[in-house]
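Residues per chain, in single letters:
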Amino acid sequence: MSRYSSAVIAALVVLSIAVGAVAAVETASDGVPQESEVGTEVTATYTFTELYTDYESWTLNGQTNLTGVTWTVTKYNQAGNQIDQQSYDGGEFDASIDIDSGSAETNSVTVEVRGTTPEIESYQFEPEETYTLAQFRLVRSGGTSQALSSTSVHHFTPDSQEAREAIETAQQTIEETNAGNEAQTTLENAIEAYNNEEFGSAVTFANNAEQQARQDESTENRNQLILYAVAGLVVIGLLVGGVAYWRSQQDSYDKLG
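As for the pattern of salt bridges
- Considering all chains together, one arrives at four salt bridges under this definition.
- Put simply, Glu210 and Arg214 hold a salt bridge, and the shortest N to O gap is 3.8 Å. Residue Glu210 and its partner Arg214 are located together in helix H4 (residues 199–256), separated by four residues, close to a single helical turn.
- Its relative accessible area of 42% is what places Arg214 among the partly exposed residues.
- The network of salt bridges with shared partners includes Glu41, Glu112 and Arg114.

Points about the pairing of strand S3 (residues 41–49)
- With burial as the criterion, only one face of S3 is covered, namely that bearing Val42, Ala44, Tyr46 and Phe48; the residues Glu41, Thr43, Thr45, Thr47 and Thr49 on the opposite face remain uncovered.
- Relative to S3, strand S1 (residues 26–30) runs antiparallel, the two sharing five bridges. Within the sheet, the bridge partner assigned to Asp30 lies in S3 and is Thr45.

Concerning the nonpolar core
- Ranked by internal contacts, the top residues of the largest apolar core, which has 26 residues, are Phe48, Leu60, Val111 and Phe136.
- If one sorts the elements of this core by residue count, strand S9 (residues 130–139) sits on top with five residues.
- Excluding residues that lie within four positions of it along the chain, Phe48 makes contacts with Val25, Glu26, Thr27, Leu60, Ser108, Val109, Val111, Phe136 and Leu148.
- Grouped together as the second largest cluster of nonpolar side chains are 21 residues, Phe125, Ala163, Ala183 and Ala190 included.

Points about the confidence of the model for the chain
- Looking at the chain as a whole, its pLDDT mean stands at 83, while 74% of the residues score no less than 70.
- With pLDDT under 50 throughout, residues 1–21 is counted as low confidence; its partners more than four residues away or in other chains account for three contacts.

Reading the values: rules and limits
- Residues numbered from 1 in each chain as written.
- Predicted model: local features only at pLDDT ≥ 70, side-chain atom pairs only at ≥ 80, totals over all residues.
- Heavy atoms only, no water.
- Salt bridge = Lys/Arg side-chain N within 4 Å of Asp/Glu carboxyl O.
- Helix = DSSP H or I, 4+ residues; strand = E, 2+ residues; numbered from the N terminus.
- Buried < 20%, exposed > 50% of the residue type's maximum accessible area, 1.4 Å probe, protein only.
- Pairing = 2+ DSSP bridges.
- Core = buried A, V, L, I, M, F, W, Y, C linked by side-chain atoms within 4.5 Å.
- Contact = heavy atoms within 4.5 Å.
- pLDDT = per-residue confidence, 0-100.

Now the structure itself:
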């Protein structure tokens with residue numbers, strides 16, 4: 001067997017192991033925000049189907065970084081009718097999923113999580129600050145578990161958002177104008193100030209970086225205009241010189257004649 005064939009077989013084995021380790025329960029979400037402000041309420045809903053592809057009995061575990069949390073877990077039968085609803089408080093819950101539940105067999109489950117966007121423990125411009133909105137796992141008897149889904153959301157304060165937007169604007173301007181080292185250094189100072197939670201300074205540095213980039217662009221354009229003007233004068237000089245030379249040659253020809 002060739003080394004290439006061995007490598008392909010090994011890769012397929014690893015892939016099959018990896019696929020086998022992932023639960024086949026399907027998850028969909030609705031209402032998940034891209035970002036949320038600290039202290040504001042967030043609500044999102046998750047739907048779980050194909051519940052018994054791998055196991056006939058297991059526990060749905062949910063966790064979140066939201067505060068003041070309420071989970072609402074609703075179970076539906078195959079006809080789409082609600083057969084059970086339970087509410088849980090706190091950052092984590094467990095709900096049993098069992099195919100052997102008589103005529104009220106659970107066919108799908110929705111989980112609504114409602115809570116308040118948490119405080120930011122540590123600020124960093126990149127990667128941006130995030131919290132776990134909801135993380136779900138399939139837990140088997142004995143403690144073994146498999147990840148189902150996890151959602152992270154960017155959170156911010158008004159001051160941090162203002163600073164981030166100023167820095168992003170400066171970054172875009174520097175990139176578009178191909179600004180020099182001075183603007184880049186000022187931008188780095190803005191990011192450092194952001195990471196130190198000095199948002200006012202971050203905004204000032206970012207605005208200065210953008211202005212420096214604009215100035216660099218203006219200077220470059222002016223230099224290009226000067227260069228074009230000089231080149232134009234050279235061309236005109238050459239043309240005038242050529243005409244003068246041509247006339248002198250014509251005058252010499254006439255004298256000889």
